[in-house]
Amino acid sequence: MDIKEKIAELRAELHRHNYNYYVLNAPEICDKEFDDKMRMLQELEEAYPEYMDETSPTMRVGSDINKNFTQVSHKYPMLSLANTYSETEVADFYERVHKALNEDFEICCEMKYDGTSISLTYEDGKLIRAVTRGDGEKGDDVTDNVRTIRSVPLVLHGDHYPSSFEIRGEILMPWKVFEELNREKGAREEPLFANPRNAAAGTLKMQNSSTVASRKLDAYLYYLLGDNLPCDGHYENLQKAAEWGFKTSDLTRKCHTLQEVFDFIKYWDVERKNLPVATDGIVLKVNSLRQQKNLGFTAKSPRWAIAYKFQAERALTRLIKVTYQVGRTGAVTPVANLEPVQLSGTTVKRASLHNADIIEGLDLHIGDMVYVEKGGEIIPKITGVDIDSRSFMLGEKVRFITYCPECGSRLTRYEGEAAHYCPNETACAPQIKGKIEHFISRKAMNIDGLGPETVDLFYRLGLIRNAADLYDLTVEKIKGLDRMGEKSAENIIAGIAQSKKIPFERVIFALGIRFVGETVAKKIARAFKDIDELRQATFEKLISIDEIGEKIGESILLYFANQVNLRLIERFKTAGLQLCRTEENIKEYTNKLAGKSIVISGIFTHHSRDEYKDLIEKNGGKNVGSISAKTSFVLAGENIGPSKLEKANKIGIPIVSEDDFLKLIS
Ligand code: IVH
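Given the structure is predicted, the values throughout are model-derived calculations rather than measurements.

1. Some remarks on the overall build of the protein chain
Turning to step 1, where the next piece is worked out: Counting its secondary structure elements, the protein chain contains 25 helices and 21 strands.
Turning to step 2, where the next piece is worked out: Dimensions of the protein chain, computed from the C-alpha atoms along their principal axes, are close to 85 × 85 × 50 Å.
Turning to step 3, where the next piece is worked out: Per-residue burial over the protein chain gives 47% buried out of 666 residues.
Turning to step 4, where the next piece is worked out: If you take every contact in the protein chain between residues at least 6 apart in sequence, the share linking residues at least 24 apart comes to 67%.
Turning to step 5, where the next piece is worked out: Approximately 33,300 Å² of the protein chain is accessible, and the part contributed by carbon and sulfur atoms is 49%.
Turning to step 6, where the next piece is worked out: Each charge class in the protein chain can be summarised by its mean position, and for the 91 positive and 99 negative side chains these summaries are 4 Å apart.

In structure tokens, the structure reads:
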């Protein structure tokens, strides 16, 4: 078999396994086998760039080139659907269709997926373009990002599809992925996504497709458009689309009476809570395309379809009191304590009030009857007050607290921020526990066997008051506590001992300095040889480091100005933590590329793109996404994009080959 055939065979195999895994949920091979095949294909493609193909499964990993999206006109405008919350209006719709058609018809009932809509164009069985809805007339070309979504086929199965067609659907972030992403964002003290819809839309518009690839989006397709569709039935066409490899919903049903439609709605209004992705209603579509054509469109939406939206679940209950929670960062969240009420299958007793402005906006009083909603958000929220039920006895007005409920410190509010903070970082219990939890977390010191409950237990028993106390624990001290066996105790102590090997950059991250996330911690470890050099750094020195701005610079200074933190660091030193770069680390860092902005493009033989990025950074350079007059050079592998090459030549940016680059830094 020649190379070209081998590549084609591997591609076909990987497309099929990908489909089995992401569309059918029925993998035939294990992850390792899949990865091995993928690596083999990557290596072949790197060695034979002449066979490069945009629809290869290797394209799904994305690239770290920043992209500005180009606008593309939709061939058929992307209209929206008429919406209703009322069953009567559904019956009216049914009656209108019946009258207009004056013949039998079927209604296709589908889930209304709550994500962000997408239009995919396929030509000769290959995905050639993916465009967002935009203003309905034109949208953004997000093809590179959509290619990373594993359930979107890059090449179609069989050969019974039209040579050119469009298929529309919804891009979604599954609940699980959304929750995990928010957990990670929370740990990095970044603002959270309010719901999976915003998370999916935000991700799809990210400029870096390799980040998109890591976000695990999914896509359900629900609307075929084109001149040569196989069937007259919309439902039947979607079944064909499923045969071509698309992920279509298997919850869709054809109904023959209005009662069947209502039964479908009623069933899914409850059952949708068990679906892996968010839905916000049911879409009813007249099934026959011929009949759809007869019914036509209004200026905004088709007359052959309607969306029945589920009521955002809402309940009315009494506000008993407002309490305040203090988080790891000291942010204070007001929480409404409510008379228990049933809401979408759970009993709600507490709801978030977010911040002081929200409380003020609601003009909240104790004893008020309040509306609680569970929208796409996870935590229920108060959306209004039933003013009419306020009797002659108005309760006390809710005013945001001035002092920390945990430690009594006066709260502060930073300019431009909605939240109030407790500034007592080193002696406020939830902040201390939160800091220790961060310290032991996987991406920081990764201490096995220790979790939030154990931290809480040790804290309550007075065994730990800060992260350094962990290193004074012994098996004797902790075994037998709260049913902790000898084995668990030994594991914890071994995990703590093991953490002394964690490299400098992760120790810096583990310290929990405000705004110092993983990436910044790495930059710091590159810029300073040890913790003492970092401690003595001036503001100017700090902000001269890539990615460190004034906010982070100030936060670092503040951290080291605090005696409590300095004592902590002394104890970490005594315990033997890695508070300096190792010889190994140091050798890797040079200033050979200091001040250089470097664009990476093409396919490489000796290292992966990520490795080159790392090499650039370790040698003091900066990896940037697009070519501009400020670019120092383009590190070019095989098959550098023609537009990049043209641009580089036009503004006279040198092109450096892989081998020359390696010589440069050797
Ligand atoms: S059909 C011409 N089917 O809801 C109508 N839309 O307001 C084409 N949506 O923008 C849309 N699930 O993003 C259709 N099963 C479904 C849907 C669905 C969600 C979204 C879509 C559209 C919006 C309509």
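2. Here's the deal with the UniProt feature "domain: BRCT" (unreviewed entry) in the protein chain
Turning to step 1, where the next piece is worked out: Those residues carrying the UniProt feature "domain: BRCT" (unreviewed entry) are residues 588-666 in this numbering.
Turning to step 2, where the next piece is worked out: Secondary structure across residues 588-666 divides into 37% helix and 19% strand, with the first and last C-alpha atoms of the span separated by 10 Å.

3. Things to note about the sheet that holds strand β3 (residues 107-113)
Turning to step 1, where the next piece is worked out: Pairing within the open sheet is mixed, and its 5 strands lie in the order β2-β11-β10-β3-β9. Across the chains shown, the open sheet's two edge strands, defined by having one partner strand only, are β2 (83-84) and β9 (253-255).
Turning to step 2, where the next piece is worked out: Sheet analysis places strand β10 (residues 279-286) next to strand β11 (residues 305-309), joined by 5 bridges and oriented antiparallel. The residue of β11 that forms the bridge with L284 is I306.
Turning to step 3, where the next piece is worked out: Packing against the sheet, helix α9 (residues 258-271) makes contact with β3, β9, β10 and β11, and its axis sits at approximately 20 degrees to β3.

4. Quick look at the packing of helix α1 (residues 3-22) against helix α2 (residues 31-47)
Turning to step 1, where the next piece is worked out: Here α1 crosses α2 at 145 degrees, and the two axes come no closer than 10 Å. Crossing hand, α1 versus α2: left-handed. Where α1 abuts α2, its residues I3, K6, I7, L10, R11, E13, L14, H17, N18 and Y21 lie against D31, F34, K37, M38, M40, L41, L44 and E45.
Turning to step 2, where the next piece is worked out: Tallied by class, residues from the contact of α1 with α2 come to 10 nonpolar, 2 polar and 6 charged.

5. With respect to the UniProt feature "binding site: Zn(2+)" (unreviewed entry) in the protein chain
Turning to step 1, where the next piece is worked out: Mapped onto this structure's residue numbering, the UniProt feature "binding site: Zn(2+)" (unreviewed entry) falls at C404, C407, C422 and C428. A maximum C-alpha distance of 8.7 Å is found for the annotated residues, which run over 25 residues; spatially they form one tight group.
Turning to step 2, where the next piece is worked out: On the basis of relative accessibility, which here comes to 29%, the residue C407 falls in the partly exposed class.
Turning to step 3, where the next piece is worked out: Once residues within four sequence positions are removed from consideration, C407 is found in contact with C422, N424, A427 and C428.
Turning to step 4, where the next piece is worked out: On the basis of relative accessibility, which here comes to 0%, the residue C428 falls in the buried class.

6. A closer look at the nonpolar core
Turning to step 1, where the next piece is worked out: Counting residues in each nonpolar core, the largest one holds 57 residues, and the members touching the most others are F439, F458, L470, Y471, I556 and F572.
Turning to step 2, where the next piece is worked out: Ignoring sequence-local partners within four residues, the contact set of I556 consists of I513, V516, I524, L534, L542 and I548.
Turning to step 3, where the next piece is worked out: Ranked by size, the runner-up nonpolar core spans 31 residues in total, among them F165, L181, L204 and V212.

7. Comments concerning the packing of aromatic side chains
Turning to step 1, where the next piece is worked out: One pass over the full model with this rule turns up 23 aromatic pairs.
Turning to step 2, where the next piece is worked out: Ring-pair connections join several aromatic residues into one group, and the members of that group are Y122, Y161, F165, W244 and F246.
Turning to step 3, where the next piece is worked out: The ring centre of Y459 lies 4.2 Å from the NZ or CZ of R465, which sits over that ring.
Turning to step 4, where the next piece is worked out: K551 extends its terminal NZ or CZ atom over the ring of F515, reaching a point 4.2 Å from the ring centre.

8. Examining the pairing of strand β13 (residues 331-343)
Turning to step 1, where the next piece is worked out: Pairing analysis gives 7 bridges linking strand β12 (residues 313-326) to β13, with the strands arranged antiparallel. Bridge assignment links V322 to a residue of β13, and that residue is A336.
Turning to step 2, where the next piece is worked out: Counting the residues that bridge the hairpin from β12 to β13 gives 4 residues, and of these G330 lies at a positive phi of roughly 95 degrees.
Turning to step 3, where the next piece is worked out: Judged from the 6 bridges that link them, β13 and strand β14 (residues 346-352) form a sheet pairing that is antiparallel. Looking at β14, one finds that V335 is bridged to S352.

9. Quick notes on empty space enclosed by the protein
Turning to step 1, where the next piece is worked out: Tallied over the entire structure, the rule returns 5 cavities of 30 Å³ or more.
Turning to step 2, where the next piece is worked out: What the largest cavity holds in volume is close to 80 Å³.
Turning to step 3, where the next piece is worked out: Around the largest cavity, the lining comprises 13 residues; the ones closest to its centre are H15, N18, Y19, R60 and P153.
Turning to step 4, where the next piece is worked out: Taken together, the residues of the lining of the largest cavity sort by class into 6 nonpolar, 5 polar and 2 charged.

10. Some words on the pattern of salt bridges
Turning to step 1, where the next piece is worked out: Summed over the entire model, instances satisfying the criterion amount to 40 salt bridges.
Turning to step 2, where the next piece is worked out: Of the charged contacts, one joins K205 and D140 as a salt bridge, the two residues approaching to 3.2 Å between their closest N and O atoms. In this pair, K205 sits in the loop between α6 (196-204) and α7 (209-214) while D140 sits in strand β6 (residues 138-140), placing the two residues 65 residues apart along the sequence.
Turning to step 3, where the next piece is worked out: We classify K205 as partly exposed; its relative accessible area is 40%.
Turning to step 4, where the next piece is worked out: Taking the relative accessible area as the measure of exposure, D140 reaches 14% and is therefore buried.
Turning to step 5, where the next piece is worked out: The network of salt bridges with shared partners includes E360, D363, D368, R390 and K397.

11. Here's the deal with helix α12 (residues 429-440)
Turning to step 1, where the next piece is worked out: In a regular helix each residue adds 1.5 Å, so 12 residues correspond to 16 Å; α12 covers 17 Å between its end C-alpha atoms and thus fits that length.
Turning to step 2, where the next piece is worked out: For α12, the full list of buried residues reads P430, Q431, I432, G434, I436, H438, F439 and I440.

12. Structural notes on the site of the ligand
Turning to step 1, where the next piece is worked out: Contacts to the ligand come from 13 residues, most closely from E110, Y113, E170, Y222 and K285.
Turning to step 2, where the next piece is worked out: Interatomic distance of 3.4 Å between a side-chain N/O atom of S117 and an oxygen atom of the ligand.
Turning to step 3, where the next piece is worked out: Here a nitrogen atom of the ligand and a side-chain polar atom of K285 are 3.0 Å apart.
Turning to step 4, where the next piece is worked out: For the ligand, whose unbound accessible area comes to 520 Å², protein coverage reaches 91%.
Turning to step 5, where the next piece is worked out: Sorting the residues of the shell around the ligand by element identifies β3, β8 (218-225) and β10 as the ones contributing at least two each.
Turning to step 6, where the next piece is worked out: Of all the elements, β3 adds the most residues to the shell around the ligand, at 4 residues.
Turning to step 7, where the next piece is worked out: Considering only residue class, the shell around the ligand consists of 7 nonpolar, 2 polar and 4 charged.

Calculation notes
Residues numbered from 1 in each chain as written. Predicted model: local features only at pLDDT ≥ 70, side-chain atom pairs only at ≥ 80, totals over all residues. Heavy atoms only, no water. Helix = DSSP H or I, 4+ residues; strand = E, 2+ residues; numbered from the N terminus. Buried < 20%, exposed > 50% of the residue type's maximum accessible area, 1.4 Å probe, protein only. Contact = heavy atoms within 4.5 Å. Areas by Shrake-Rupley, 256 points an atom, 1.4 Å probe, with all protein chains shown as cover. Lys, Arg positive; Asp, Glu negative; His and termini not counted. Charge placed at Lys NZ, Arg CZ, Asp CG, Glu CD. UniProt positions renumbered as here; feature names shortened; annotations may be inferred. Pairing = 2+ DSSP bridges. Axes fitted to C-alpha atoms, helices over the stretch in contact; angles between N-to-C directions. Left-handed = near helix turned anticlockwise from the far one by under 90°. Nonpolar A, V, L, I, M, F, W, Y, C, P; charged D, E, K, R; others polar. Core = buried A, V, L, I, M, F, W, Y, C linked by side-chain atoms within 4.5 Å. Phe/Tyr/Trp six-rings, centres within 6.5 Å; stacked < 30°, edge-to-face > 60°. Lys NZ or Arg CZ within 6 Å of the ring centre and 35° of its normal. 1 Å grid on protein atoms, 1.4 Å probe; cavity = no way out; pocket = protein on both sides within 12 Å on 5 of 7 lines; lining within 4 Å. Points joined across faces, edges and corners; volume = space filled by probe spheres on them. Salt bridge = Lys/Arg side-chain N within 4 Å of Asp/Glu carboxyl O. Expected span 1.5 Å × (residues − 1). Near = heavy atom within 4 Å. Polar contact = N/O pair within 3.5 Å; in protein donor to acceptor, adjacent residues only side chain to side chain.

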